[in-house]
Amino acid sequence: MASKVDALAQQAHKYMQMEDWLKAEKTLQKALELRPSHSISLGLLVQLYLDTGQQRQAVKPLTKLYDARRDDMQLAQTLASLLLETQDVLQSHKIYSRILQVQPDNMAALRGQAICSSNLGEPDKAIGAFEKLTQVQANVADHWSNLGTALMGVERYDQAIEALEVSCGLDKHNVVAWLGLFNAYQALGKFDLAKSCAQKAIEYLPDEPEILMMHTWFERYSWPLDKVLASFAKVAKHPALRSSAFESSGLVSKEQGEHDLAIQYFDRALKENPALHNAAYERGLSLLAMARFECAWRDYLLRETATARDARIFKPAKPRWDGKEFDGTLLVFGEMGIGEQILFSSLLPNFAGKSFKTIVAIQGKLVSLLQRSFPELTFVALEAGLDAHAYDFSYPLLDLGVLYRPTRQSFPVAANRYLVAQQRPSPQKDGPTGKPLVGVSWRSVNPIFGVDKSMAPQAIIDALGSHSCQLANLQYGCTKEQIDTLNQRYQTPILIDKGVDLFHDIEGLTCLIDQCDLIVTTSNSNAHIAAALGKSVILLASKGAGHPWYWAHENGRSIWYPSVLVLQQEKPGDWDSVLVKLRSHLENYFD
């Protein structure tokens, strides 16, 4: 029997040398049927599977070998490494731990155990092991990059940067270290250092697709769009990065306001990887920007799972409402910023006359304003939380478009005033009588897109200065000293209502806006308040990154707010084209 099994093993070895893998595998399986523990046949079968890229199939015969030779630490290490590669992290960790019991100074096993600990959600153990590795083998770049990656996992970014910089210094071609350093700088908001990191990395690794992708992403604002897309196309040639490259191409196209092109790239990304919720959500934003509501809302619903930027601050304790009548209480809860909550509040009248009670949880500063505007509903501060016993079902305010604005035809044609301002004295109109009062604002404080949405106030005032009107400051965050500086340049001063905190006092701001005859503003919460009051608004809109989807317009008129005239840049950053349009429309308005 033994000689027959040995002969089969020898024959299988010859087949392997001839790369006749199928015959070799069948021959070895025949040998193991005769003698399941034949170590030579098991070893050859392991080698065959590894040589042909069948790592998972190699695990079973290698485990049999290990069970028969438990004291063979080299064999144990090979099995542990293979188990880690095939994602059986728990078994791998057990074997690495056993190796370290026998060989405490085995650095390869310590490294494997550290990686397992990291994958098993034990960051402190992983960091401790990687720190020991850097102490014992301080010149090994991979140890430092692994330590940096583990530190990033627990958001210890400054320490991670220190470790990753050491790794890059030891090995300028360490892809993991460069990518980690890039991501750490981004997480800390140090975008200049992140860009510098990308530029250095591309010098050392010009043909590395992950580095090229990182470099291209940071050059997307300085390169023409076609160059950016061509660079991402190179990355897309690598199967592992193809979906990410298509998604990035879509994001850049969307940032440039090229929504048709963006949708095409998002489609390609999702074809490669249907689980890319962020790509689907961003596609939804482009569809909304193009007023293609029939297709858009399905993707927009994915915003919670798409990005941390749009994650909900309130997690409802009760199930999602199915849109049907019921006996009980519905909680509608707000998300995102003031502007979005005011926008979607336009749909709240749909709950009047329902069989159930409706509670709306909204940002605290909006509660009194919306309670006055919609007295049939109950408003509470979102920040205060809500007892789970107070409602039966929940529904996100920002999902109401799915129910009540499913198509372009479902939008109102005429302006709809749905906010009700407080009645207050009007110090803004104490100036010359008969002159229209024009409220102006020019800046957004959005931490991501605020710069793109904002423009210099002088440009707006210059355009208004030739007309007989009174100007009222609506710009929150603008100091009296800044207004005084502007007033030194112009004959028509910008009035300030000292009794209104334009940022915190939404009621006062709303009342102030309601007293104006015309609002000229960039995209910020003032635009939403003015539009919800039914005021005539001239919106000075950017193109691309700073142009939110809800300013979708037809023939210059906002779809969501018909009283808003949208004057959009011809290309990103081109405020001159907007100012030309503004002067023309002001001539018509004042005439």
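On a predicted model such as this, the values are computed, not experimentally measured, just so you know. (Residues numbered from 1 in each chain as written. Predicted model: local features only at pLDDT ≥ 70, side-chain atom pairs only at ≥ 80, totals over all residues. Heavy atoms only, no water.)

*Asks:* I would appreciate a short explanation of the overall build of the protein in the present structure.
*Replies:* Counting its secondary structure elements, the protein contains 28 helices and twelve strands. For the protein, the C-alpha radius of gyration of 32 Å lies well beyond 25 Å, the compact-globule estimate for 591 residues. Its C-alpha atoms give the protein principal-axis dimensions of roughly 115 × 60 × 40 Å. Evaluated residue by residue, the protein yields a buried proportion of 52% over its 591 residues. In the protein, of all internal contacts separated by at least 6 residues, the share reaching a separation of at least 24 is 60%. A distance of 3 Å separates the average location of the 60 positive side-chain charges in the protein from that of its 66 negative side-chain charges. (Helix = DSSP H or I, 4+ residues; strand = E, 2+ residues; numbered from the N terminus. Rg over C-alpha atoms; globule rule 2.2 N^0.38 Å. Buried < 20%, exposed > 50% of the residue type's maximum accessible area, 1.4 Å probe, protein only. Contact = heavy atoms within 4.5 Å. Lys, Arg positive; Asp, Glu negative; His and termini not counted. Charge placed at Lys NZ, Arg CZ, Asp CG, Glu CD.)

*Asks:* Can you walk me through the sheet that holds strand 1 (residues 329–333) in this structure?
*Replies:* Across a sheet, paired strands are connected by hydrogen bonds in the backbone, their directions being either parallel or antiparallel. Within the open sheet, the four strands sit side by side as 3-2-1-4. Their pairing is parallel. Bordering the open sheet on either side are strand 3 (378–381) and strand 4 (393–396), each of which pairs with just one other strand. Each adjacent strand pair in this sheet contributes to an overall mean axis angle of 25 degrees, direction not counted. Bridge analysis of strand 1 against strand 2 (residues 357–362) gives five bridges, and the strand direction is parallel. (Pairing = 2+ DSSP bridges. Axes fitted to C-alpha atoms, helices over the stretch in contact; angles between N-to-C directions.)

*Asks:* Any chance you could explain the pairing of strand 9 (residues 537–541) here in plain terms?
*Replies:* Each regular strand displays side chains that alternate between the two surfaces of the sheet. For strand 9, a buried count of five out of five residues is recorded, marking the element as mostly surrounded by other parts of the structure. In strand 9, alternate side chains face the same way, and those of Val-537, Leu-539 and Ala-541 on one face and Ile-538 and Leu-540 on the other are all buried. Relative to strand 9, strand 8 (residues 518–522) runs parallel, the two sharing four bridges. Within strand 9, the residue paired with Ile-519 across the bridge is Val-537.

*Asks:* Teacher, can you tell me more about the nonpolar core here?
*Replies:* A general trend in soluble globular proteins is that nonpolar side chains are found buried together. Core analysis: the largest hydrophobic core is formed by 91 residues, its most contacted members being Ile-95, Phe-130, Trp-178, Leu-181 and Ile-211. Setting aside anything within four residues of it in sequence, one finds Ile-95 in contact with Tyr-66, Ala-76, Leu-79, Ala-80 and Leu-83. In this structure, Phe-344, Phe-374, Tyr-404 and Tyr-476 belong to the second largest nonpolar core, which totals 71 residues. (Core = buried A, V, L, I, M, F, W, Y, C linked by side-chain atoms within 4.5 Å.)

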